[in-house]
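Working through the structure, step by step
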Amino acid sequence: MLSPFTILVTGPESSGKTTLARQLAWTLDGWFVAEAARDYLEQLDGEYAEADLPLIWQQQAKAEDTARASSASFVVCDTGPEVIRIWAEVKYGQCPPEVLHACTERAYDLILLCTPDLPWTPDPLREAPDRKRREALFTRYQELLPDAVVISGAGRVQKAIRALSSMDLIKL
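Only a predicted model underlies this, so the values are computations on that prediction, with no experimental measurement involved.

**With respect to the overall build of the chain**
Helix and strand content of the chain: seven helices and five strands. If you list the helices and strands of the chain from N to C, you get β-α-β-α-α-β-α-α-β-α-β-α. Along the longest, intermediate and shortest principal axes, the C-alpha atoms of the chain span 45 × 35 × 25 Å. A total of 172 residues make up the chain; the buried ones form 48% of that total.

Have a look at this one:
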């Protein structure tokens, strides 16, 4: 059995990651892997500590691994270890070793990096409403993920499909 083509959708808060990941998975008839941090943090009423970050990654990795073991042709992940890494560095000045290891060892076939050019959508779990802060976070994502395909503006699903088409994975 072939492994599914795995797509990571990432970027700062309120940059359209979840919307793009869901729509892309649906368009490709693929498996959508939700952001594990959301469920985890909702159980804690949004209050978390540095020690929670490896646990969040473990849940995300388990969900990804389940999807990767499926018969789906495409797996679309709404965030990966880089989100936890960047947030750990911002909030705590360091990143747990398990998450750093995942950032170097976890492979994705295509990384889509969403720009924070969408209007801010308030959410009790979000911590970066300031556009300049989200733009600074975006710069950090670019540094960590230099090969990512940047997705911005309107028509994000179509832009992601074009990226897949350029890789000869799908036909337009």
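**What about the pairing of strand 3 (residues 74-78)?**
With respect to burial, strand 3 is a largely interior element, five of its five residues being buried. Residue alternation in strand 3 divides its side chains into two sets, Phe74, Val76 and Asp78 and Val75 and Cys77, and both sets are buried. Note that strand 1 (residues 5-10) and strand 3 share five bridges and pair parallel. Among the inter-strand pairings, Phe5 is bridged to a residue of strand 3, identified as Phe74. As paired elements, strand 2 (residues 31-33) and strand 3 share three bridges and run parallel to each other. In the sheet register, Trp31 faces strand 3, and the bridge partner there is Val75.

**Focus: the packing of helix 4 (residues 81-92) against helix 5 (residues 97-105)**
For the pair helix 4 and helix 5, the least separation of the axes is 9 Å and the interaxial angle reads 135°. Accordingly, the angle class assigned to the pair helix 4 and helix 5 is oblique. As for the relative orientation of helix 4 and helix 5, their crossing is left-handed in sense. The residues of helix 5 that touch helix 4, namely those facing Pro81, Glu82, Ile84 and Arg85, are Val99, Leu100, Ala102 and Cys103. Class assignment for the residues of the contact of helix 4 with helix 5 results in six nonpolar, no polar and two charged.

**A closer look at the sheet that holds strand 4 (residues 110-114)**
Pairing within the open sheet is parallel, and its five strands lie in the order 2-3-1-4-5. Strands at the two margins of the open sheet, each flanked by one partner only, are strand 2 and strand 5 (149-151). Across the sheet, the axes of successive neighbouring strands diverge by a mean angle of 25°, strand direction being ignored. Of the strands in this sheet, strand 1, strand 2, strand 3, strand 4 and strand 5 touch helix 1 (residues 17-28), which is tilted by about 170° from strand 3.

**Observations concerning the pattern of salt bridges**
A complete count under the given rule lists eight salt bridges for this structure. Here Glu64 and Arg68 are joined by a salt bridge, their closest N and O atoms 3.5 Å apart. With Glu64 and Arg68 both in helix 3 (residues 52-68), this residue pair falls four residues apart, about one helical turn. A salt bridge links Glu64 to Arg106; the shortest N-O distance between them is 3.0 Å. Here Arg106 lies in the loop between helix 5 and strand 4 and Glu64 lies in helix 3, a separation of 42 residues in the sequence. Assigned by exposure class, Glu64 and Arg106 land together as buried. Taken together, the shared-partner salt bridges in this structure form one network comprising Glu64, Asp65, Arg68 and Arg106.

**Looking at the packing of aromatic side chains**
One pass over the structure, following the stated rule, counts one aromatic pair. Look at Phe5 and Phe74: their rings are 6.0 Å apart centre to centre, the planes differ by 70°, and that puts the pair in the edge-to-face class. One end of the pair, Phe5, is in strand 1; the other, Phe74, is in strand 3, and 69 residues separate them in sequence. Residue classification places Phe5 among the buried residues on the basis of a relative accessible area of 15%. Sitting over the face of the ring of Tyr108, Arg68 holds its NZ or CZ atom 5.1 Å from the ring centroid.

Rules used throughout
Residues numbered from 1 in each chain as written. Predicted model: local features only at pLDDT ≥ 70, side-chain atom pairs only at ≥ 80, totals over all residues. Heavy atoms only, no water. Helix = DSSP H or I, 4+ residues; strand = E, 2+ residues; numbered from the N terminus. Buried < 20%, exposed > 50% of the residue type's maximum accessible area, 1.4 Å probe, protein only. Pairing = 2+ DSSP bridges. Axes fitted to C-alpha atoms, helices over the stretch in contact; angles between N-to-C directions. Parallel < 35°, antiparallel > 145°, perpendicular 65-115°, else oblique. Left-handed = near helix turned anticlockwise from the far one by under 90°. Contact = heavy atoms within 4.5 Å. Nonpolar A, V, L, I, M, F, W, Y, C, P; charged D, E, K, R; others polar. Salt bridge = Lys/Arg side-chain N within 4 Å of Asp/Glu carboxyl O. Phe/Tyr/Trp six-rings, centres within 6.5 Å; stacked < 30°, edge-to-face > 60°. Lys NZ or Arg CZ within 6 Å of the ring centre and 35° of its normal.

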